[in-house]
Amino acid sequence: MDKKGEALVYPLVIFVVLNIIFITLLMLFVFKSSTGALIYEQTYAKELALLIDGAKPGMEINFNFEKGFEIAEKNKLSSESIENLVTFKDYQVTVKLSNSGGYSFNYFSDYDVSSSFEGHILKIIVKEK
Amino acid sequence: MKKLIFDKRGSEKLFSIWWLFVLIIVGIGIIAGVYIFYSAEVNIKEVEAELLSNKLMDCIVEQGFLIEDIFEKNFDISKKCSINQEVIESGDFYFNISLYDENKKLLRESIFLGTSSFEKHCQVVEETKEAKKYPMCFERIEKGLYSEEGKLKEVTIKVLAGSNQKGGKISITS
């Protein structure tokens, strides 16, 4: 290729490559946001708080947490963090699906709440205080 | 047209800057759209208010009869109904229980806990339907029976409950 040809092709190649990089970055951002933890943390925390407030003492609730596990694994949470994906403490349910924090929501019922995971099922036991 | 854009050096540079500008605008648009969509708040205030209202009603009415303890002077509603007083008084909740006799007179002082301004705020929400940051309320009215001097009398029980709990993101340190 002569110098004139090079001068015509190189800017075009750079232009196309930059466009591809830009579109890829945008798509990555959209994909990461759509599978992001924030919306799931919020939804799970609120759903669990409502479940506790709607429960009666002596109830045992089995809650499917499969999607939560999927997101936590995608976010590469440590095994210790995986064990504490959901915590009930001080009348507050906290869901942590990423390393950047979590989401907390209060429940107003004065119950003794404990939870444990059995596979992807979150077992919640509601007892009278 | 083609000649106009590509044949002159200045026009070609202008075309690149223009394209960069378009890319930036599109990028900002997509990022803003995605951010707004995924940071949307899941609003469960009304459901919470309904749950609180139902919980209180189910607690003070047993098989159609108003519980007798409610007329006692030192009646503790939070203890009786397993409701955490600290959470209710945190500023995100409110409830008010009023008992009326057949002549629509209050049988006893209203029992309330939480942020009392919610009552007025809820009226605003009902009138405007647009106050998104305001609390949401739920009112349940039931008829029941109570005994007075050995006679059964009718009572109207009004339970108003409100919630303005938003919840919150916590940092890794908390």
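Just above, that's the structure.
Parameters at a glance
Residues numbered from 1 in each chain as written. Chains lettered and ligands numbered in written order. Predicted model: local features only at pLDDT ≥ 70, side-chain atom pairs only at ≥ 80, totals over all residues. Heavy atoms only, no water. Helix = DSSP H or I, 4+ residues; strand = E, 2+ residues; numbered from the N terminus. Polar contact = N/O pair within 3.5 Å; in protein donor to acceptor, adjacent residues only side chain to side chain. Contact = heavy atoms within 4.5 Å. Axes fitted to C-alpha atoms, helices over the stretch in contact; angles between N-to-C directions. Parallel < 35°, antiparallel > 145°, perpendicular 65-115°, else oblique. Left-handed = near helix turned anticlockwise from the far one by under 90°. Nonpolar A, V, L, I, M, F, W, Y, C, P; charged D, E, K, R; others polar. Buried area = accessible area lost by both parts, 1.4 Å probe. Salt bridge = Lys/Arg side-chain N within 4 Å of Asp/Glu carboxyl O.

### Overview of the side chain of Asn164(B)
Residues and elements named next belong to chain B. Among the secondary structure elements, Asn164 is positioned in the loop between β6 (151-163) and β7 (168-170). Of the polar contacts made by the side chain of Asn164, one reaches the side chain of Lys45; its length is 3.0 Å. Apart from residues no more than four positions distant in its own chain, Asn164 is found in contact with Lys45, Asp92, Phe118, Lys133, Tyr134 and Pro135.

### Looking at the packing of helix α2 (residues 37-54) of chain A against helix α3 (residues 45-60) of chain B
The interhelical angle for the contact between α2(A) and α3(B), taken along N-to-C directions, is 10°, at an axis separation of 10 Å. Classed by the angle they form, the pair α2(A) and α3(B) counts as roughly parallel. Of the two elements, α2(A) crosses α3(B), and the hand of that crossing is left-handed. Side by side, α2(A) and α3(B) meet where Leu50(A), Asp53(A) and Gly54(A) of the first sit next to Val47(B), Glu48(B), Leu51(B) and Lys55(B) of the second. Per-class residue counts for the contact of α2(A) with α3(B) are three nonpolar, one polar and three charged.

### A word on the interface of chain B and chain A
On the side of chain A, 34 residues touch chain B, which itself brings 31 residues to the contact. Carbon and sulfur atoms supply 66% of the area that chain B and chain A bury against each other, a total of about 3100 Å² over both sides. In terms of surface lost to chain A, no three residues of chain B exceed Tyr38(B), Lys169(B) and Ile170(B), which account for 19% of the buried area on that side. At the boundary of chain B and chain A, one finds zero salt bridges. For the pair chain B and chain A, the number of links is 11 residue pairs in polar contact (both at pLDDT 80 or more). Mapped by element, the contributors of at least two residues to the side of chain B that touches chain A are α2 (9-38), α3, α5 (85-92) and β7 of chain B.

Spatial relationships are all this shows, so hold off on functional conclusions.
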